[in-house]
Amino acid sequence: MDRINYKKASNWRQGKAKNITFIVTKDCQLACKYCYLVGKNTKERMTWEVAKEAIDYILGHEEEFPEESVIFDFIGGEPFIEIELIDRICDYLKTEMFRRGHHWFNSYRFSFSTNGINYHEEKVQRFIGKNHSHLSIGITIDGTQRKHDLNRVYKGNGRGSYDDVVRNIPLWLKQFPNAATKVTISSADIPYIKESVLHLYSLGIHEVNINCVFEDVWQEGDDRLFEDQLTELADEIIDREYYKDYACSFFSEHIGKPLDKVKDNQNWCGAGMMLAVDAAGNFYPCTRFAKFSLRSKQARIIGDIHTGTDKNKLRPFLTLDRCTQSPPQCLECEVAAGCAWCQGENYDAAETHTIYQRSTAICWMHKARVRANNYYWNKLSRMRR
């Protein structure tokens with residue numbers, strides 16, 4: 001059976017697949033303290049009628065979507081809350097792609113990032129069994145119980161969700177043995193990075209994709225604590241030889257180098273190349289430009305299921321690159337490689353309504369990561385001599 005993991009979904013077809021996101025609900029069982037979805041609610045749920053019309057538009061305008069393959073991404077909130085709708089959407093997509101002789105037929109993936117709370121439920125498992133060969137599912141578990149429960153808490157009572165998530169990890173790994181998890185770091189949980197990555201390894205998760213939040217939440221001294229944690233983690237991974245069978249995305253040979261302004265002038269993300277549709281049938285260049293993702297700015301709608309994409313509203317996103325939005329210190333930075341940004345956060349944090357002002361809130365955290373990264377690779381290189 002064809003099994004793909006969470007990381008491979010984004011790199012499937014060398015990352016050239018079209019990414020189309022259905023925001024099926026803005027509800028979630030959790031109220032994670034670092035969540036960028038500031039407008040979650042129980043009212044905005046996608047109807048079947050809106051979903052069907054979105055599919056009919058997308059599949060009916062094949063010339064607008066020339067990519068050879070497609071990833072249909074389902075998000076919330078928590079997407080599995082709407083598993084019945086998702087099941088119906090996926091059935092319709094498969095049927096229509098076959099009926100139309102669409103070039104995406106048999107070259108598609110269904111992708112999910114879930115909090116894992118209701119992963120074990122019969123209706124979710126039935127969906128997985130039916131679509132397994134075309135599925136990518138990532139369960140978010142933040143590490144040890146104290147790190148996970150520090151942020152990933154139930155709405156209303158604030159109870160930690162670790163116990164309800166960890167019980168589903170064995171089933172998930174049985175179905176997707178090579179699956180990876182996604183870990184988020186905020187200021188409050190920096191002291192638990194090392195123990196959390198090692199804990200996830202102990203659960204049988206071999207790939208930990210981990211990053212700092214892009215929002216401006218960092219306190220003085222966080223970068224030093226961050227570097228210390230990563231250095232200690234580096235020692236553990238190397239001394240216990242975890243590097244042979246496990247991966248942590250904080251350590252990469254490709255970061256911490258200068259970037260050429262011509263050769264290395266891409267945008268970091270695919271905003272504008274992707275398409276997201278919400279419960280009202282509005283189109284967005286990325287889910288981070290929907291209103292429930294924004295603290296202070298208005299949503300950037302680029303079309304809808306009735307009229308299609310407005311090319312004039314989309315065009316600014318297609319001109320985005322590193323040089324058009326970065327301040328001089330970023331362009332001249334000696335460790336610029338691997339310094340990420342979120343296009344939606346850039347927009348939300350900007351002084352005006354521009355999408356061309358890069359947020360630099362993670363600058364010092366990136367530099368701390370680079371220093372720890374250099375320590376890791378230098379130590380590993382010495383060990384292999």
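As the structure is a computational prediction, the values presented were derived from the model and not from experiment.

**Student:** Describe the sheet that holds strand β6 (residues 207-212), naming the residues involved and giving the relevant values.
**Tutor:** Read from one edge of the open sheet, three strands run β5-β6-β7, paired in parallel fashion. Looking at the sheet topology across the chains shown, the edges are occupied by β5 (180-185) and β7 (247-248). Pairing geometry for β6 and β7, over two bridges, is parallel. For V208, the partnering residue across the bridge sits in β7 and is C248.

**Student:** Give me the lowdown on the nonpolar core, citing residues and values where you can.
**Tutor:** F22, F72, F74, I89 and W172 are the most contacted members of the largest nonpolar core, which totals 97 residues. Excluding residues within four positions of it along the chain, F22 makes contact with M46, A51, A54, I55, F72, D73, F74, I75, I89 and V277. Core analysis: the next-biggest nonpolar cluster, separate from the first, contains seven residues, I23, L37, A290 and F292 among them.

**Student:** Please give an account of the packing of aromatic side chains that cites residues and values.
**Tutor:** To describe a pair of aromatic rings, you give the distance between the ring centres and the angle between the ring planes. Within the structure shown, the criterion is met by 22 aromatic pairs. Relative to F110, the ring of Y108 lies with its centre 5.1 Å away and its plane at 45°, an arrangement referred to as tilted. With respect to burial, Y108 and F110 carry one shared label: buried. An angle of 75° between the planes, with centres 5.3 Å apart, marks the rings of F226 and F250 as edge-to-face. Separated by 24 residues along the polypeptide, F226 in helix α9 (residues 222-239) and F250 in the loop between β7 and β8 (275-277) bring together distant segments of the chain. These aromatic residues form a ring-pair network of at least three members: F22, F65, F72, F74, F80, W104, Y108, F110, F112 and F127. Here R288 stacks its cationic end above the ring of Y36, 4.0 Å away from the centre of that ring. The lysine or arginine in question, K367, covers the ring of W364, its NZ or CZ lying 4.7 Å from the ring centre.

**Student:** Break down the side chain of K379 for me, citing the residues and quoting the values.
**Tutor:** With respect to the secondary-structure elements, K379 resides in helix α14 (residues 363-384). Non-local contacts of K379, meaning those with residues more than four positions away in its chain, are made with D235, I238 and D239.

**Student:** Let's hear about the pairing of strand β1 (residues 18-23): which residues, and what values?
**Tutor:** Taking burial as the measure, the six residues of β1 include six buried ones, the bulk of the element. Side-chain alternation along β1 places K18, I20 and F22 on one buried face and N19, T21 and I23 on a second face that is also buried. Pairing of β1 with strand β2 (residues 70-75), which is carried by six bridges, proceeds in the parallel orientation. Paired with N19 across the bridge in β2 is I71. One crossover worth recording links β1 to the parallel β2 by way of helix α2 (residues 48-60), and it is right-handed. Bridge analysis of β1 against β8 gives three bridges, and the strand direction is parallel. Residue pairing across strands places I20 opposite L275, the latter belonging to β8.

**Student:** Which residues make up the layout of surface pockets, and what are the values?
**Tutor:** What the second largest pocket holds in volume is close to 200 Å³. What lines the second largest pocket is a set of 14 residues, among which K18, E64, F65, G272 and L314 lie closest to the centre. Ranked by residues supplied to the lining of the second largest pocket, first place goes to helix α10 (residues 311-318) with three residues. When the residues that make up the lining of the second largest pocket are grouped by side-chain class, the tally is eight nonpolar, two polar and four charged.

Rules used in this analysis
Residue indices follow the written sequence of each chain, beginning from 1 at its first position. A pLDDT threshold of at least 70 governs which residues receive local features in this predicted model, and a stricter bar of 80 or more applies before side-chain atom pairs are shown or counted, although totals over entire chains, interfaces and linings include all residues. Side-chain metrics rest on all non-hydrogen atoms present in the structure, leaving aside hydrogens and water. Between any two strands, at least two bridges found by DSSP are needed for them to pair. Runs of E in the DSSP output that reach at least two residues are strands. Runs of H or I that reach at least four are helices, and both are numbered from the N terminus. Put simply, a nonpolar core is a bunch of buried Ala, Val, Leu, Ile, Met, Phe, Trp, Tyr and Cys residues held in one set by side-chain atoms that sit within 4.5 Å of each other. Only protein chains enter the calculation, and the probe is 1.4 Å; a residue is then buried if its accessible area is under 20% of its type maximum, exposed if over 50%, and partly exposed in between. Two residues qualify as a contact provided that any one of their heavy atoms is within 4.5 Å of a heavy atom in the partner residue. When two rings of Phe, Tyr or Trp (its six-membered ring) have centres within 6.5 Å they constitute a pair, described as stacked for plane angles under 30 degrees, edge-to-face for angles over 60, and tilted for the intermediate range. For a Lys NZ or an Arg CZ to count as sitting over a ring, it must be within 6 Å of the ring centre and within 35 degrees of the ring normal. Handedness rule for crossovers: strands pointing away from the viewer, path from the first strand over the helix to the second running clockwise, crossover right-handed. Residues are said to line a cavity or pocket when one of their atoms sits within 4 Å of a point; the points come from a 1 Å grid over protein atoms alone, cavities being sets where a 1.4 Å probe fits but cannot get out and pockets being open sets with protein on both sides within 12 Å along at least five of seven lines. Grid points are joined across faces, edges and corners, and a volume is the space filled by probe spheres set on the points. Charged residues are taken to be Asp, Glu, Lys and Arg, nonpolar residues to be Ala, Val, Leu, Ile, Met, Phe, Trp, Tyr, Cys and Pro, and polar residues to be all remaining types, Gly included.

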